[in-house]
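Structural characterization, general
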Amino acid sequence: MADSPRLAVRDIRKTFGSHEVLRGISLEARDGDVISILGASGSGKSTFLRCINLLEIPDAGEIRLDGEEIRMVRSGGRNRPAIQKQVDRLRSELGMVFQSFNLWSHMTVLQNVIEGPVHVLKRPRGECIEEAQALLKKVGIADKADAYPAFLSGGQQQRAAIARALAMKPKVMLFDEPTSALDPELVGEVLRVMRALAEEGVTMLVVTHEMGFARNVSNRVAFMRDGLIESIGSPQEMFGDGASPAFRQFIGHFQA
Amino acid sequence: MDFDFLASTMVTLLKAVPLTLALFALSVSVGFLLALLIVWMRVGGNRALSTFARAYIFVFRGSPLLIQMFLVFYGLAQFDFIRSGPLWPFLREPFVCAVLSLALCTAGYSAEIFRGGIRSVSPRELEAARAIGMSGFLLVRRILAPIAFRHALPAYSTEVVLMMKSTALASLVTVWEVTGVAQRLISQTYRTMEVFLCAALIYLVLNFIVLQGMALLERSLSRHLRAAPPAPKA
């Protein structure tokens, strides 16, 4: 099993109206991979990430988590998941971190973190609370356990959201522009948490505009353009001399 | 001022309060459950059910409650199959007819109020719930309903207060609740002003209590909007 990928997606396609957002994307993530997905806005990178846990339903393509394929059926000319239970289970094994945190506003931070383990995984509450407290300590907001999201800074909310995703013990973590909604001075605290996770060996797919993270933390960098992966490689390859002209032009915008 | 008359009127009217409260409590709770069913049909995604729910809401919001009550109380008796049916022992009772029509009507209003609450739930919070593996009833129970109910509460408490007042209509289908008893007193004494003032006072007090209860509920459901908990001393 060591050689089989944790997550394998093949030939994902997605069209909104007449606009083809994803034109056949394939990507594999092995255990411990940290893959940064870069690209201009509109290149389809968020849509791609959202297709992986079926928040968007791909029109075509294959998604496998630990070898298990998500089964789809066609009905009324559109794709849809065949079994909602399978979708729920696979989603519970994929941790998702959103750009705007999406914490549940009526629950405290601690309640947000134990919600999934207690009510989706049906694990004993006491155990979940202990683990949640450890996770909150790990992301550095143990003192905010009983606060409601509305009273946290953006950086604290995002770290709570990361703890919420980790509490499910996911096989792969998906990050959808986790620092894009943050004030510049709060970006660092979230990136530090993500870097620590990467060093622990958590498998991660990260859609981001943080070039430093892509370059220094991830072990692979994918560049998306017009609904396709234009180039992919190690940070050395991608940020070195062999990079594609399109990618060089793209990172040029960040060096201004 | 004839205080003796006022006092004796008050005593007589107060005896009818339990019946008013029974009408109120039963019709609000049955109406609440019915409203959940209707709003589920309305937003559940099934076309036929949604159309039915729309029609239901339109009919019960668009026609006078008094006529609905007359139709249930006097109208149903015209049908032989109802008179000979198993439910007739219940449906012949004025009290049951009053509760039934009050509940049917408030269900229409409440369903719309709850729909508004559901629409105001942030799609992002729902998406987070789906992303963690929730769907169907679990998602509704844990995320959608608590947030939606909190949003709907101010409008819903108005509806509940309206229901307390609507129980007065039951007097017109021979249920001897506060207004009915008041009218009977007036026909005996011809002292409209005193009797109806006493009755109005009773409704005011009852609604004051109901509103306090709703405000308390609203407060306890709004902790996430009030000041942050005090920071623990370092």
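Preceding this section is the structure that the text describes.
Figured I'd write up the structure that's included with this text.

On to the overall build of chain B, then. Counting secondary structure elements, chain B contains 11 helices and zero strands. Each helix and strand of chain B, ordered N terminal to C terminal, gives the series α-α-α-α-α-α-α-α-α-α-α. Expressed along its principal axes, the backbone C-alpha trace of chain B runs to roughly 70 × 60 × 25 Å. Counting only residues that meet the buried cut, chain B has 43% of its 234 residues in that class. Looking at chain B alone, contacts between residues at least 24 apart form 76% of all its contacts between residues at least 6 apart. Roughly 13000 Å² of accessible area belongs to chain B as shown, and the carbon and sulfur atoms make up 69% of that amount.

With that settled, consider the layout of surface pockets. Its volume calculated, the largest pocket comes out at about 890 Å³. Every residue lining the largest pocket is counted, 32 residues in all, and those nearest its centre are B:Ile118, B:Gly136, B:Leu139, B:Val140 and B:Leu144. Mapped onto the lining of the largest pocket, the elements with two or more residues apiece are α2 (84-92) of chain A together with α2 (17-43), α7 (94-119), α8 (123-131) and α9 (136-166) of chain B. When residues of the lining of the largest pocket are assigned to their parent elements, the largest contribution, 10 residues, is made by α9(B). Split by residue class, the lining of the largest pocket holds 24 nonpolar, four polar and four charged. Quantified by volume, the second largest pocket comes out at close to 290 Å³. A:His106, A:Met107, A:Gln111, A:Tyr148, B:Arg141, B:Arg142, B:Pro146, B:Arg150, B:Ser220, B:Leu221, B:Arg223 and B:His224 together form the lining of the second largest pocket. For the lining of the second largest pocket, the element with the most residues is α9(B), which contributes four residues. Here the lining of the second largest pocket is built from residues that sort into four nonpolar, four polar and four charged.

Once that is clear, we can look at the pattern of salt bridges. Applying the stated rule across the entire model yields 26 salt bridges over all chains. Residues joined in a network through salt bridges with shared partners are A:Arg6, A:Asp31, A:Asp66, A:Glu93 and A:Lys171.

Residues and elements named next belong to chain A. Ordered by their spatial adjacency, six strands build an open sheet running β8-β9-β10-β3-β11-β12, and the pairing between neighbours is mixed. Pairing within the sheet leaves two strands with one partner each, and these edge strands are β8 (94-97) and β12 (228-233). Here the strands of the sheet are splayed against their neighbours by 20° on average, with no regard to which way each runs. On top of the sheet, helix α9 (residues 245-252) reaches β3 (34-39), β11 (220-225) and β12; it is set at about 95° to β11, its chief contact.

What follows covers the interface of chain B and chain A. At the junction of the two partners, chain B supplies 24 residues and chain A supplies 28 residues. Together chain B and chain A conceal approximately 2300 Å² of surface at their shared face, both sides included; 62% is due to carbon and sulfur atoms. The tally of links from chain B across to chain A stands at two salt bridges. Of all the secondary-structure elements, those providing two or more residues to the side of chain B that touches chain A are α8 and α9 of chain B. Looking at which element gives the most residues to the side of chain B that touches chain A, the answer is α8(B), with seven residues. The residue inventory of the side of chain B that touches chain A, partitioned by class, reads 13 nonpolar, three polar and eight charged.

Here the focus is the packing of aromatic side chains. Applying the stated rule across the entire model yields 13 aromatic pairs over all chains. The interplanar angle of 90° and the centroid separation of 6.4 Å between the aromatic rings of B:Phe32 and B:Phe149 together place this pair among those described as edge-to-face. Of the two residues, B:Phe32 is situated in helix α2 and B:Phe149 in helix α9; the sequence distance between them amounts to 117 residues. Accessibility expressed as a relative area gives 23% for B:Phe149, which makes it partly exposed. Ring geometry for B:Phe73 versus B:Tyr74: centroids 4.8 Å apart, planes at 70°, classification edge-to-face. A relative accessible area of 17% means that B:Phe73 is categorised as buried. The rings of A:Phe223, A:Phe239, A:Phe247 and A:Phe250 are connected pair by pair, giving a single aromatic cluster. One residue, A:Arg164, lies across the ring of A:Trp104, its end atom 4.3 Å from the ring centre. It is B:Arg191 that lies over the ring of B:Phe5; its NZ or CZ is 4.0 Å from the centre.

Attention now moves to the sheet that holds strand β1 (residues 7-16) of chain A. All names here are of chain A. Strands sit in the order β2-β1-β4-β5 across an open sheet of four strands; the sheet is antiparallel. Here the strands that pair on one side only, and so sit at the sheet edges, are β2 (19-29) and β5 (68-69). Sheet topology places β1 next to β2; eight bridges connect them, and they run antiparallel. Bridging from a neighbouring strand, arginine 13 pairs with arginine 23 of β2. Each of β1, β2 and β4 (60-65) touches helix α1 (residues 45-52); the most contacted strand, β1, lies at about 120° to it.

Conventions used here
- Residues numbered from 1 in each chain as written.
- Chains lettered and ligands numbered in written order.
- Predicted model: local features only at pLDDT ≥ 70, side-chain atom pairs only at ≥ 80, totals over all residues.
- Heavy atoms only, no water.
- Helix = DSSP H or I, 4+ residues; strand = E, 2+ residues; numbered from the N terminus.
- Buried < 20%, exposed > 50% of the residue type's maximum accessible area, 1.4 Å probe, protein only.
- Contact = heavy atoms within 4.5 Å.
- Areas by Shrake-Rupley, 256 points an atom, 1.4 Å probe, with all protein chains shown as cover.
- 1 Å grid on protein atoms, 1.4 Å probe; cavity = no way out; pocket = protein on both sides within 12 Å on 5 of 7 lines; lining within 4 Å.
- Points joined across faces, edges and corners; volume = space filled by probe spheres on them.
- Nonpolar A, V, L, I, M, F, W, Y, C, P; charged D, E, K, R; others polar.
- Salt bridge = Lys/Arg side-chain N within 4 Å of Asp/Glu carboxyl O.
- Pairing = 2+ DSSP bridges.
- Axes fitted to C-alpha atoms, helices over the stretch in contact; angles between N-to-C directions.
- Buried area = accessible area lost by both parts, 1.4 Å probe.
- Phe/Tyr/Trp six-rings, centres within 6.5 Å; stacked < 30°, edge-to-face > 60°.
- Lys NZ or Arg CZ within 6 Å of the ring centre and 35° of its normal.

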